[in-house]
Structures are given as C-alpha cells and as structure tokens.
Amino acid sequence: MLEFVPNFFMQLKNEIENIFRYVFPNICGICGKINENYICEKCKKRIKKFEKYELIDKEILNFNYKIKISVFDKEKDNKNYDDKIYFDNLFYCFEYKGIIRNLLLKYKFSGASYLCYFFANVILNNKKINEIFKLYDIIIPVPMDKNKKLRRGYNQTELIVNIINKNLGINVNTNILKKIKSTKTQSKLNFYERQKNIKNAFLVKNKSLIENKKIILFDDIYTTGATVNEISKILKFAGAKEILILIIAKN
Ligand SMILES: [Zn+2]
C-alpha cells in the first residue's frame, strides 16, 4: 500500500500530462515550455553530453559480443547460448545515462506516452539518421505481447515509429512481427537468462514483405542486445537481406 500511493499519484500526474500534451503537442518534452521542435534550447544543452549518433559495424559488435560471452563463460560455464550476431549494424542516439535514462524510464514504465513526440523528433531532426533511412526499405518497431501492451496502454517503439512514418517517406510496418510469448522483464536478468527468456518469443507474420529487404529494426534501449538479436535471427531466416538496429539509448 505504501508503495502504491506515490505510484498512483505519479501515474495520475502522467495521465493528466498525457492529455495536456496531446492537446498541445508542441512543447519541450523535458521542461514543458512551448517549443516547435519538442525540445527547447536550454534542454538541448542538457542532453548534449549524452548524444552519440554513432554507427557501429558488425566487426566491432561481434568483437564486443565475444568478450561478453567469454566473461560469462568463466562465470557460469553454460554453453547453451547463441554466440552469433545476426544484425549487420547498430546506430544509437544517446548513452543510456542521466537525464536520457530518466526520460526513457518515464516513457516506458510511468505511462508518460507523450514523450513519443520528443523521441521521434530527436530522430527526425538528426541528419545522420535521415541519410541512413534513405538506404533502407522498411522500418519495424520491436513488438510487445498483447497482454503487456494492454497493461501499459501503448507500445513505446510503435508510437515513435508511427510519428516517423507520418513525417518521412520510409515504409513502416507494425504487422510483420508478432510477439507470441510473454517474457519476463529483461532488465532483471543476466546475459544468458536474457537470451533464454527471449528465445522463440517472436514470429514473422508476413515473410513476403521482408524477403530480400533492407530492414531497420527499432528499439528504445540496448543493453546486451538479446532481444534485437533474436528478432534479427528470425528476420534473416525469413529472407531479410540486411538489418540495422536503430536504438535511442545504449548502455
Ligand atoms: Zn526544455
């Protein structure tokens, strides 16, 4: 009960803020001041030190992955994990720290769905990402299972991708992938448990739409990469030509 009370008021505050922001969407996602770009000059400076906008290629990803596995190997001696990376590149906007981390947690777990405008505009206003979009055929958000989406009320990756779709020509499809298994929250699990938890959790619904296509898979937070790697695996098996993981913040 003690935990419930502050949580309830925080949810209520976010709900009121959600309604307000949908009526007046042109305000800074951080401080709430009116701003056409969804972020004011002052807050732009506040997030500056977490900005990366970095593209990491497969060789580096593979190298880091092997290190993670070797560390884990020594700890647990468990050989049942997949030691392959199935996506080709990774692009991330921010480091998962400070104000960015707080904003993402608020967006994901406290019902602050209005922050979709802020994050979508961070992506839309970045030149590098816009250049990357031109090289790909389709963008797919990481899906959520039905029950979780009902409980949260929204899929945070889908909201952002839908705004990107309205503003850019890139083909967005939220019907290619389906999450078919309820999984535990990944943040509480270790490297191996994350892989095991997410295994066989997704399904490609429409193979013909991704065959020979260059795909951007969009997710909010990247830690071990278990989720996006599992999805990349089934997308590649279904015939996808190339996969770029687009992430808001990386650990
Ligand atoms: Zn601001």
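Details of the structure are given in the entry above.
A brief look at the structure comes next. (Residues numbered from 1 in each chain as written. Predicted model: local features only at pLDDT ≥ 70, side-chain atom pairs only at ≥ 80, totals over all residues. Heavy atoms only, no water.)

**Overview of the overall build of the chain**
In step 1: Along the chain, the regular secondary structure elements total 10 helices and 8 strands.
In step 2: The C-alpha radius of gyration of the chain comes to 18 Å, within 12% of the 18 Å expected for a compact globule of 251 residues.
In step 3: For the C-alpha atoms alone, the extent of the chain along its principal axes is close to 50 × 50 × 35 Å.
In step 4: In the chain, once contacts between residues fewer than 6 apart in sequence are set aside, the share between residues at least 24 apart is 75%.
In step 5: In the form shown here, the chain has an accessible surface area of approximately 13600 Å², with 53% of it arising from carbon and sulfur atoms.
In step 6: Looking at the chain, you have 46 positive and 26 negative side-chain charges, and the mean spots of the two groups are 3 Å apart. (Helix = DSSP H or I, 4+ residues; strand = E, 2+ residues; numbered from the N terminus. Rg over C-alpha atoms; globule rule 2.2 N^0.38 Å. Contact = heavy atoms within 4.5 Å. Areas by Shrake-Rupley, 256 points an atom, 1.4 Å probe, with all protein chains shown as cover. Lys, Arg positive; Asp, Glu negative; His and termini not counted. Charge placed at Lys NZ, Arg CZ, Asp CG, Glu CD.)

**Quick word on the coordination of the zinc ion**
Ideal geometry at a metal gives 109.5 degrees between four tetrahedral donors and either 90 or 180 degrees between six octahedral ones.
In step 1: The protein atoms that coordinate the zinc ion are Cys-28 (SG), Cys-31 (SG), Cys-40 (SG) and Cys-43 (SG), at distances spanning 2.3 Å.
In step 2: Taken together, the 4 donor atoms surrounding the zinc ion define angles of 102 to 118 degrees at the centre, an arrangement classified as tetrahedral.
In step 3: The sequence pattern formed by the donor residues of the zinc ion is C-x2-C-x8-C-x2-C.
In step 4: Among the residues examined, Cys-31 registers a relative accessible area of 37% and is labelled partly exposed. (Donors = N, O, S within 2.8 Å, 3.2 Å for Na, K, Ca; no water. Tetrahedral: all angles 85-135°; square planar, octahedral: opposite > 155°, others 65-115°. Buried < 20%, exposed > 50% of the residue type's maximum accessible area, 1.4 Å probe, protein only.)

**Section: the layout of surface pockets**
In step 1: Put simply, the largest pocket is a space of about 610 Å³.
In step 2: Lining the largest pocket are 35 residues, and of these Lys-108, Gln-186, Asp-219, Asp-220 and Thr-227 lie nearest its centre.
In step 3: Residues of the lining of the largest pocket, tallied by class, amount to 13 nonpolar, 12 polar and 10 charged.
In step 4: Together, 14 residues line the second largest pocket, and Met-144, Lys-146, Lys-149, Lys-178 and Lys-179 are the ones closest to its centre.
In step 5: For the lining of the second largest pocket, the elements supplying multiple residues, two or more each, are helix H7 (146-152) and strand S5 (177-179).
In step 6: Of the residues contributing to the lining of the second largest pocket, the split by class is 5 nonpolar, 3 polar and 6 charged. (1 Å grid on protein atoms, 1.4 Å probe; cavity = no way out; pocket = protein on both sides within 12 Å on 5 of 7 lines; lining within 4 Å. Points joined across faces, edges and corners; volume = space filled by probe spheres on them. Nonpolar A, V, L, I, M, F, W, Y, C, P; charged D, E, K, R; others polar.)

**Brief notes about the pattern of salt bridges**
In step 1: Here the structure, examined in full by the defined rule, presents 9 salt bridges.
In step 2: Salt-bridge contacts for Glu-95 lead to Lys-97; the nearest nitrogen and oxygen are separated by 3.1 Å.
In step 3: Between Lys-214 and Glu-242 there is a salt bridge whose closest N-O contact spans 3.8 Å. Taken together, the positions of Lys-214 in strand S7 (residues 214-222) and Glu-242 in strand S8 (residues 242-250) put the pair 28 residues apart, joining distant regions of the chain.
In step 4: Glu-242 gets classed as partly exposed once you look at its relative accessible area, which sits at 22%. (Salt bridge = Lys/Arg side-chain N within 4 Å of Asp/Glu carboxyl O.)

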